[in-house]
Amino acid sequence: MEFSTLTTASLHQIKTAALAVGVFADGMLTPAADVIDRASHGALREVLKKEFLAKAGTHLALRKLEGVSANQVILIGLGKQDAYNASVHAKAEQVFANFCVQARIGEAVSTLAATECPAAGLAQRAQAAAAAAGQAAYRYDATFSKRERDDAPRLKKFALSVTRAQAAETQRGLRNGAAIAQGANLARELGNLPANVCTPTYLGDVARKLAREFKSLKAEVLERKQIEALKMGSFLSVARGSYEPPAFIILKHTPPGAKGAGKSRKAPIVLVGKGITFDAGGISLKPAANMDEMKYDMCGAASVLGTLRAVAEIGLEQEVIGLIPSCENLPSGRANKPGDVVTSMSGQTIEILNTDAEGRLVLCDALTYAERYKPAAVIDIATLTGACIIALGHVNSGLFSKDDALADSLLQAGRQANDTAWRLPLEDAYQEQLQSNFADIANIGGRPAGSVTAACFLSRFTGAYPWAHLDIAGTAWRSGKDKGGTGRPVPLLVQYLLNQA
Ligand code: BES
Ligand code: MN
Ligand code: ZN
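Residues numbered from 1 in each chain as written. Chains lettered and ligands numbered in written order. Predicted model: local features only at pLDDT ≥ 70, side-chain atom pairs only at ≥ 80, totals over all residues. Heavy atoms only, no water.

**Re the environment of Ile36**
Thought 1: Checked against the element boundaries, Ile36 lands in helix α1 (residues 31-39).
Thought 2: Here Ile36 falls in the buried class, since its relative accessible area comes to 0%.
Thought 3: The sequence separation of Ile36 and His12 amounts to 24 residues, and the corresponding C-alpha distance is 5.8 Å. (Helix = DSSP H or I, 4+ residues; strand = E, 2+ residues; numbered from the N terminus. Buried < 20%, exposed > 50% of the residue type's maximum accessible area, 1.4 Å probe, protein only.)

As structure tokens, this is what we get:
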């Protein structure tokens, strides 16, 4: 999609298929709404009196307003003015972008970002607009027999109307937002692809392809022999049950400026993504209902690839390394069994009491591998526990960390990017539940606080650096009629990295 700024003073003269204009619920007009109202001789106030309550999340399309050049003016409800904030604005941009896509509009102009709002500067608002528009235009068609299911125009051009003085800052925001959308859309596409296409090998190929496309990225894909040489016995135990070969993917972004000699390098930030391309549960087999959705069990990995794509496109001044342990979790005559004891790369032994708690088994070895980078921070992202959906539903990702500063930065990034997380406890008192009679640690901690004990398990492998864990079981995809990847938490992660750089 093409993003641009439009700097005409007279909004009513903008020729476009759809012009978004924000209105507040208490009758207050935004400056843009005021211009349109005057140009149309009060037509807008008229509508606000009778038809449109301007509740947040609602819209009303007005066709061919007299005195206004735009084909349609789309009124976007912003709710009460005193409750207006960055999140309401971001959702308003989403409403408009979704409207344009549904109405098959090819080109549109939004004035929504021009309205001031607390705690979000112009660049942040422009970023939200581009991220929303770029994601609204995504459509899955990879595995339909006709690649183009219809040829109606998709949203191709999206412009923000701002003043001349605001143009440069707006451009910067648009650029970041466009990169976030592309990264999130890559994550959605990888999640949506079926597990017979999106295998560990396929994910490795995607990493290599990104490295060909972006100069700042370097990819390395370790195969079984190399993973064995690293002694990743825990990861390999999960991969045993499947014919599909495992892959350990390393994708590194080196800032454009950092290659020159003599420049002191900041420590890298490492992202670790769970890459189970299908989770049948292994010998501890899952029930049949909705098992297809376990193709999404690589959404952590997808979010790492999407984030690195965004970071590369932005040209971020911060080294970022993505690590992805990837394999399938299937039952077979070679699969690991409940009661098996395996030795992780860290040397710690693990009793596998449930083969369906496989995410932590692949992640723990990747977390040990991360030590070699002496990272400033390590963040793992995983569709780790059904219990996290019970705790937080589909609204917030679960965040676990012993590092308050790191946790706060991630929470804040989530709020800024409209991709929120909620912090859950990670206290040593829960570690007891992981006690094993036959190994250093058990891989399950029983029903109580299932997401917390999963995080506690991971914490045993993260002593060497500041670490946070994001459980995205409830946020990475939607079920039901609108089944599909969400691209979360790519916006949160990119925002966090932007804030660090
Ligand atoms: N991938 C699942 C978690 C999951 C389940 C995410 C459903 C989203 C929807 C994970 O590997 C798993 O199976 N976890 C088990 C852990 C249990 C055996 C301790 C779970 O949550 O039931
Ligand atoms: Mn599982
Ligand atoms: Zn899983």
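**Notes on the coordination of the manganese ion (ligand 2)**
Thought 1: In the first shell of the manganese ion (ligand 2), the protein supplies Asp279 (OD), Asp356 (O), Asp356 (OD) and Glu358 (OE), at 2.1 to 2.2 Å from the metal.
Thought 2: In this structure, the manganese ion (ligand 2) is coordinated by six donor atoms arranged in irregular fashion, with angles at the metal of 71 to 169°.
Thought 3: Sequence positions of the donors to the manganese ion (ligand 2) reduce to the motif D-x76-D-x1-E.
Thought 4: Separating the manganese ion (ligand 2) and the zinc ion (ligand 3) is a distance of 3.2 Å, and Asp279 donates to both of them.
Thought 5: Since its relative accessible area comes to 21%, Asp356 is described here as partly exposed. (Donors = N, O, S within 2.8 Å, 3.2 Å for Na, K, Ca; no water. Tetrahedral: all angles 85-135°; square planar, octahedral: opposite > 155°, others 65-115°.)

**Quick word on the UniProt feature "active site" (unreviewed entry) in the protein**
Thought 1: Mapped onto this numbering, the UniProt entry gives "active site" (unreviewed entry) at Lys286 and Arg360. Considering only the annotated residues already named, the ones lining the second largest pocket are Lys286 and Arg360.
Thought 2: In this structure, Lys286 sits in the loop between β10 (275-279) and α9 (299-314).
Thought 3: If we ignore the near neighbours within four places in the chain, the residues touching Lys286 are Asp279, Ala280, Gly281, Met291, Met294 and Asp356.
Thought 4: Mapped onto the fold, Arg360 is located in helix α10 (residues 359-369).
Thought 5: Setting aside anything within four residues of it in sequence, one finds Arg360 in contact with Leu384, Thr385, Asn443, Ile444, Ala454, Phe457 and Leu458. (UniProt positions renumbered as here; feature names shortened; annotations may be inferred. 1 Å grid on protein atoms, 1.4 Å probe; cavity = no way out; pocket = protein on both sides within 12 Å on 5 of 7 lines; lining within 4 Å. Contact = heavy atoms within 4.5 Å.)

**Overview of unusual backbone geometry**
Backbone geometry follows two general trends: most residues other than glycine have a negative phi, and most peptide bonds adopt the trans configuration.
Thought 1: Along the chain, Arg488 connects to Pro489 via a cis peptide bond; the corresponding omega equals 0°.
Thought 2: Relative to the helices and strands, Pro489 is located in the loop between β20 (484-485) and α14 (490-500).
Thought 3: One non-glycine residue with positive phi stands out, namely Ala449, at about 50°.
Thought 4: Within the fold, Ala449 resides in the loop between β17 (441-442) and α13 (450-459).
Thought 5: Under the relative-accessibility criterion, Ala449 is labelled partly exposed at 31%.

**What to know about the packing of aromatic side chains**
Thought 1: Under the defined criterion, the tally for this structure stands at nine aromatic pairs.
Thought 2: With 5.0 Å between their ring centres and 10° between their planes, Tyr296 and Trp477 make a pair best called stacked. In this pair, Tyr296 sits in the loop between β10 and α9 while Trp477 sits in strand β19 (residues 477-478), placing the two residues 181 residues apart along the sequence.
Thought 3: Arranged with centres 5.4 Å apart and planes meeting at 40°, the rings of Phe457 and Phe461 form a pair that is tilted. (Phe/Tyr/Trp six-rings, centres within 6.5 Å; stacked < 30°, edge-to-face > 60°.)

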